[in-house]
Amino acid sequence: LMLVPEIALTPQVAALFRARFGNAVAIQHSGLSDGERHDQWHRIRRREVSVVIGTRSAVFAPLRDPGLIIVDEEHDTSYKQDETPRYHGRDVAIMRGKFSNALVLLGSATPTIETYANALDGKYTLVSMDRRVLDRPMATVSVVNMRDEIAQAGDDVVLSRALVAAIALRLERQEQSVILLNRRGFATSVICRQCSNVLECPNCSISLTVHRNGRDFKARCHYCNFAKLVPRTCEKCAAPYLERIGFGTERVEAELRKAFPEARLARVDRDTVRRKGSLVETLAKVARREVDILVGTQMIAKGHDFPDVTLVGVISADVGLGLADFRTAERTFQLLTEVAGRAGRGERPGEAIVQSLLPNHYSIRLACAQDFRAFYEKEIEFRRTMRYPPQVAMVNVVVRGKTFAEAIDGAHDLAEPARGAGGVGRLGPTPGP
């Protein structure tokens, strides 16, 4: 059983396995039609296949006697399902391997802190690969301090001078570039300069993200998909001083088109891959060298093998560090290390340019050095001090209500019995981020 984190990675992996094992390979993921999933499921159950490849749900494939379970990119958050039934594909794979006495292989260049701690504690066996395939050198990584760029070009700067020059060089050499920004949309929010009111979703109370729709700008909620045209005046004070702040992949694409009008561009984010097969189609174009610059969110950072990509640019590398989550440093390190690994996978050496307002943050500095062990030592010290996993096990309880008062009262009722319970610490209740 071979698990991969994204549907987009299954064709590439399936092609490798089918080249070796022929028709004895089955695919299981939510991108298949109901009929295709039904047929594949019964092939597995009838023992007509010896290899199953799929995303997290494939961990439940009806294999009678699995002997080897591989979890590729085991650190990836895609393995966790946040709707009912809630489960973590990696953890289910480990338990399934235990029940059937199978070997479970967890693969990652940047394992989770919990997994690496288990390996150092002897619960898992640690196997390290210290060299790249065919001894190819790692990409050279440099950091651009965006505070210097803003001082030179103003607050609105998206592409640094170093990145623009590096992309121009790749276009001249007929090589490919990948540009990552882990935030979609054209702008992250709309704010009134007069009264500071932010355009919010009436259902979810989070700021609406601006998307370009032809000549119009639409504000959309990334939780419930509520959308409306961006108004010309503030809904609170009627002032005509609305400003779009922050930026996402749409804005990066627009800036690149302006800077390099002759370049062939493609964008990959949740907005461009809604149609079935569109993601695989775009990635196939990149593989066929029909795209010069690929722009996208973390979907393009994972596992893709494009030998002609020699430049990776990371816009706003620190975008994840502001989230209310104790794992932000870990996820930033993983994403940067992973995307830098997309450069120089062929015979030509690779380069990565990382743009950040926090160039000295340890997750960014150590990702650029591609030093996982040093990052682990720094992060585990923080986790021990603050009593976060793997130091303790944590349970997150989310309470919802029709009103804020109803939700917070319900949360207090739930939390009260836990106060002072033996060996259990409690944080909150607090409003969700």
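Structural data are supplied above this passage.
Our subject in this report is the structure included herewith. (Residues numbered from 1 in each chain as written. Predicted model: local features only at pLDDT ≥ 70, side-chain atom pairs only at ≥ 80, totals over all residues. Heavy atoms only, no water.)

### A short note on the overall build of the protein chain
Helix and strand counts for the protein chain come out as 12 helices and 18 strands. A globule of 433 residues ought to have a C-alpha radius of gyration of about 22 Å, and the protein chain, at 23 Å, matches this closely. The dimensions of the protein chain, computed from C-alpha atoms along their principal axes, are 65 × 65 × 45 Å. In the protein chain, buried positions account for 44% of the 433 residues. Once local pairs closer than 6 in sequence are excluded, the contacts in the protein chain between residues at least 24 apart make up 69%. Of the roughly 23,900 Å² that the protein chain leaves accessible, carbon and sulfur atoms contribute 50%. For the protein chain, the centre of its 61 positive side-chain charges and the centre of its 52 negative side-chain charges are spaced 3 Å apart. (Helix = DSSP H or I, 4+ residues; strand = E, 2+ residues; numbered from the N terminus. Rg over C-alpha atoms; globule rule 2.2 N^0.38 Å. Buried < 20%, exposed > 50% of the residue type's maximum accessible area, 1.4 Å probe, protein only. Contact = heavy atoms within 4.5 Å. Areas by Shrake-Rupley, 256 points an atom, 1.4 Å probe, with all protein chains shown as cover. Lys, Arg positive; Asp, Glu negative; His and termini not counted. Charge placed at Lys NZ, Arg CZ, Asp CG, Glu CD.)

### What about helix α6 (residues 161-173)?
Taking 1.5 Å of rise per residue, 13 residues should cover 18 Å, and α6 covers 19 Å from first to last C-alpha, within 8% of that figure. Of the positions making up α6, those classed as buried are L163, A166, I167 and R170. Each buried residue of α6 lies within a common arc of 100 degrees when the element is viewed along its axis, so the set occupies one face. The inward-facing, buried residues of α6 contact β9 (176-180), α7 (249-259), β16 (293-296), β17 (309-314) and β18 (351-356). One or two positions beyond α6, positive phi appears at Q174, with a value near 60 degrees. (Expected span 1.5 Å × (residues − 1). Arc of directions from axis to C-beta.)

### Comments concerning the pairing of strand β12 (residues 216-220)
Along a regular strand, successive side chains alternate from one face of the sheet to the other. Only one face of β12 is buried, namely the one carrying F217 and A219, since none of D216, K218 and R220 on the opposite face is buried. Alignment of strand β11 (residues 209-213) against β12, held across five bridges, turns out to be antiparallel. From the neighbouring strand, R212 faces β12, where its bridge partner is F217. What sits between the antiparallel neighbours β11 and β12 is a turn of two residues, in which G214 has the positive phi angle 70 degrees. For β12 and strand β13 (residues 227-229), the ladder comprises three bridges, and the chain directions are antiparallel. From the neighbouring strand, A219 faces β13, where its bridge partner is K228. Between the end of β12 and the start of β13, which pair antiparallel, lie six residues, with N225 showing a positive phi angle near 70 degrees. (Pairing = 2+ DSSP bridges.)

### Focus: the packing of aromatic side chains
All told, the structure shown has 11 aromatic pairs when counted by the stated rule. Here the aromatic rings of F333 and F372 are separated by 6.1 Å at their centres, their planes lie at 50 degrees, and the arrangement is tilted. Note that F333 is positioned in helix α9 (residues 328-340) and F372 in helix α11 (residues 372-386), a separation of 39 residues in sequence. On the accessibility criterion, F372 (13% relative accessible area) is buried. When the ring of F333 is compared with that of F375, the centres are 4.3 Å apart and the planes differ by 5 degrees; the resulting orientation is stacked. You can see F333 sitting in helix α9 and its partner F375 sitting in helix α11, a full 42 residues away along the chain. Note on F333: relative accessible area 0%, which makes it buried. One aromatic cluster is present, built from ring pairs that chain together Y116, F333, Y362, F372, F375 and Y376. The ring of F247 has R183 lying over it, and the distance from NZ or CZ to the ring centre is 6.0 Å. (Phe/Tyr/Trp six-rings, centres within 6.5 Å; stacked < 30°, edge-to-face > 60°. Lys NZ or Arg CZ within 6 Å of the ring centre and 35° of its normal.)

### As for the nonpolar core
One finds L294, V312 and V314 to be the most contacted residues of the largest nonpolar core, which totals 42 residues. Setting aside anything within four residues of it in sequence, one finds L294 in contact with S177, V178, I179, A266, V268, T282, L283, V286 and I300. Residues L181, F260, L311 and I315 belong to the second largest nonpolar core, which totals 21 residues. (Core = buried A, V, L, I, M, F, W, Y, C linked by side-chain atoms within 4.5 Å.)

### So, the packing of helix α4 (residues 113-120) against α11
Running from N to C, α4 and α11 cross one another at 100 degrees; their axes reach a closest spacing of 11 Å. Compared by their axis directions, α4 and α11 come out roughly perpendicular. Side by side, α4 and α11 meet where I113, E114, Y116, A117 and L120 of the first sit next to F372, R373, F375, Y376, E379, I380 and R383 of the second. Taken together, the residues of the contact of α4 with α11 break down into eight nonpolar, no polar and four charged. (Axes fitted to C-alpha atoms, helices over the stretch in contact; angles between N-to-C directions. Parallel < 35°, antiparallel > 145°, perpendicular 65-115°, else oblique. Nonpolar A, V, L, I, M, F, W, Y, C, P; charged D, E, K, R; others polar.)

### Quick word on the sheet that holds β16
Within the open sheet, the six strands sit side by side as β8-β18-β17-β9-β16-β15. Their pairing is parallel. Of all the strands in the sheet, the pair left with one neighbour each is β8 (140-145) and β15 (265-268). Taking each pair of neighbouring strands and ignoring which way they run, the sheet shows an average axis angle of 15 degrees. Where β9 meets β16, four bridges bridge the pair, whose relative direction is parallel. Each residue of the ladder has a partner; that of S177, found in β16, is I293.

### Some details on the state of the cysteines
Per the stated rule, a full pass over the model turns up zero disulfides. In this structure C195 is not part of a disulfide, and its nearest cysteine sulfur, from C234, lies 3.7 Å away. Looking at C195, the relative accessible area reads 26%, which means it is partly exposed. (Disulfide = S-S within 2.5 Å.)

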